[in-house]
Amino acid sequence: MSEVELQNNQNMPEIAKDLFAPATEASMQDNEKISAPSLSFMADSWRRLKKNKVAMVSLVILLIISISSFMAPLIAPHNPNEQTVQYANLPPKLPGVGINGFNGTVNQNGTRIDKYDVAGVPADVYYYLGTDSLGRDLMSRVLYGTRVSLFIAFMAALFNLTIGVVYGLISGWLGGKVDNIMQRILEILSGVPNLVVVILMLLVLKPGITSIIVALALTEWLSMARVVRAQTLKLKNQEYVLAARTLGQSPMNIAFRHILPNLAGVIIIQVMFSIPSAIFFEAFLSFIGIGIPAPNASLGTLINDGYKTFRFLPHLMWYPAGIMSVIMISFNLLADGLRDAFDPKMRD
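As the structure is a prediction and not an experimental result, all values here were calculated from the model.

1. A short note on the overall build of the protein chain
And then number 1: Within the protein chain, the regular secondary structure consists of 16 helices and two strands.
And then number 2: Every one of the 348 residues in the protein chain was classed for burial, and the buried ones make up 38%.
And then number 3: Total accessible area on the protein chain is roughly 20200 Å²; 63% of this is exposed by carbon and sulfur atoms.

Here it is in structure tokens:
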């Protein structure tokens, strides 16, 4: 050691022994504790979903629309099927609002005319979204029509969860000849267009919600079955499945208790994407005249009634079309958020 290093060591302060203490078993356990709370898969997915502001806004919008539509009998201002011909084609009017387009006036030859005064509507009666050609309240019909469309969409989601999940899980788990036969059945059903199925249903059933639901029950679950089968084929060779087999658990017990919970994310995402598809399918059928019969309304029938007079009374089509657009966009954005939340690769 050189003289310079020796002098430096002599100038260093002495460290007192009482600054140190032997490590105990309790202190070692405290150092090994994880500070962050342990979260389950669903709790962690919900935490990441809440960070997605677009998905949360979409969820709030869907909750508001769903609650409002299913409470339509309580909050609808008028009977949706009550016809008052003298109040036909009234523009929207909101109490206390003097903005043109929402004050019950229309522009005729450069002059604002109060259609409510002309029709003799009482001063305390308001039609917030106007009336149609038969004098029926458009807001009440939109509320009831949204309820019909959402009911059909949720029924399609129910068939996805029951028929599609069970069919795909059994097909993927059993494999072999059973899987080949079940997949050929899927291919045959997929080759028949939904519209053909609905038309065939009309030969047996009357036009309405029942025929649409039966058509969805026959065709809507096919994509879900394919997705679940593919994921089941991927998961059934995992280590925890092999361990369950070794322990003697039955095949159905393994499929529904070990594989199905690991498919929860994929199933929820697929269901969320199927709901707007079912809404559009119902609206398309009602638009071409083979959906919900009169006087009942759905978003599709309201759009069909409104587009005929769109040039003169655009509000009859704008409001139901706007509601349907908001519902479909919100479901798609929420499904995108759920896909990111359930994706293990997106964990932070």
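2. Re the UniProt feature "transmembrane region" (unreviewed entry) in the protein chain
And then number 1: Sites flagged by UniProt as "transmembrane region" (unreviewed entry) map to residues 54-76, 148-173, 185-203, 209-228, 259-292 and 312-335.
And then number 2: Secondary structure content for residues 54-76 is 91% helix and 0% strand, while the C-alpha to C-alpha distance between its ends is 29 Å.
And then number 3: Helix makes up 88% of residues 312-335 and strand 0%, with an end-to-end C-alpha separation of 37 Å.

3. Regarding the pairing of strand β2 (residues 111-114)
And then number 1: The pairing of strand β1 (residues 105-108) with β2 spans four bridges and is antiparallel. Opposite Q108, over in β2, you have T111 as the bridge partner.
And then number 2: What sits between the antiparallel neighbours β1 and β2 is a turn of two residues, in which N109 has the positive phi angle 55°.

4. Regarding unusual backbone geometry
And then number 1: One non-glycine residue, N89, lies in positive phi territory at about 60°.
And then number 2: Looking at the secondary structure, you find N89 in the loop between α5 (72-75) and β1.

5. Re the packing of helix α14 (residues 264-287) against helix α16 (residues 315-342)
And then number 1: Interhelical geometry of α14 versus α16 gives an angle of 165° and a closest axis separation of 9 Å. One finds that α14 runs roughly antiparallel with respect to α16. Crossing hand, α14 versus α16: left-handed. Residue-level inspection shows G265, I268, I269, M272, F273, I275, P276, I279, F280 and A283 of α14 in contact with α16, the latter providing M324, I327, M328, F331, N332, L334, A335, D336, L338, R339 and F342.
And then number 2: A breakdown of the residues in the contact of α14 with α16 according to their chemical character gives 17 nonpolar, two polar and two charged.

6. Quick notes on helix α11 (residues 222-235)
And then number 1: An ideal rise of 1.5 Å per residue puts 20 Å on 14 residues; α11 measures up with 20 Å between its terminal C-alpha atoms.
And then number 2: Every buried residue of α11 is listed here: L222, M224, A225, V228, T232 and L235. Burial along α11 is one-sided: seen end-on, the buried residues are contained in an arc of 150°.
And then number 3: Those residues of α11 that are buried are in contact with α7 (138-174), α8 (176-190), α10 (209-219), α12 (239-246), α13 (251-262) and α14.

Cut-off values and rules
- Residues numbered from 1 in each chain as written.
- Predicted model: local features only at pLDDT ≥ 70, side-chain atom pairs only at ≥ 80, totals over all residues.
- Heavy atoms only, no water.
- Helix = DSSP H or I, 4+ residues; strand = E, 2+ residues; numbered from the N terminus.
- Buried < 20%, exposed > 50% of the residue type's maximum accessible area, 1.4 Å probe, protein only.
- Areas by Shrake-Rupley, 256 points an atom, 1.4 Å probe, with all protein chains shown as cover.
- UniProt positions renumbered as here; feature names shortened; annotations may be inferred.
- Pairing = 2+ DSSP bridges.
- Axes fitted to C-alpha atoms, helices over the stretch in contact; angles between N-to-C directions.
- Parallel < 35°, antiparallel > 145°, perpendicular 65-115°, else oblique.
- Left-handed = near helix turned anticlockwise from the far one by under 90°.
- Contact = heavy atoms within 4.5 Å.
- Nonpolar A, V, L, I, M, F, W, Y, C, P; charged D, E, K, R; others polar.
- Expected span 1.5 Å × (residues − 1).
- Arc of directions from axis to C-beta.

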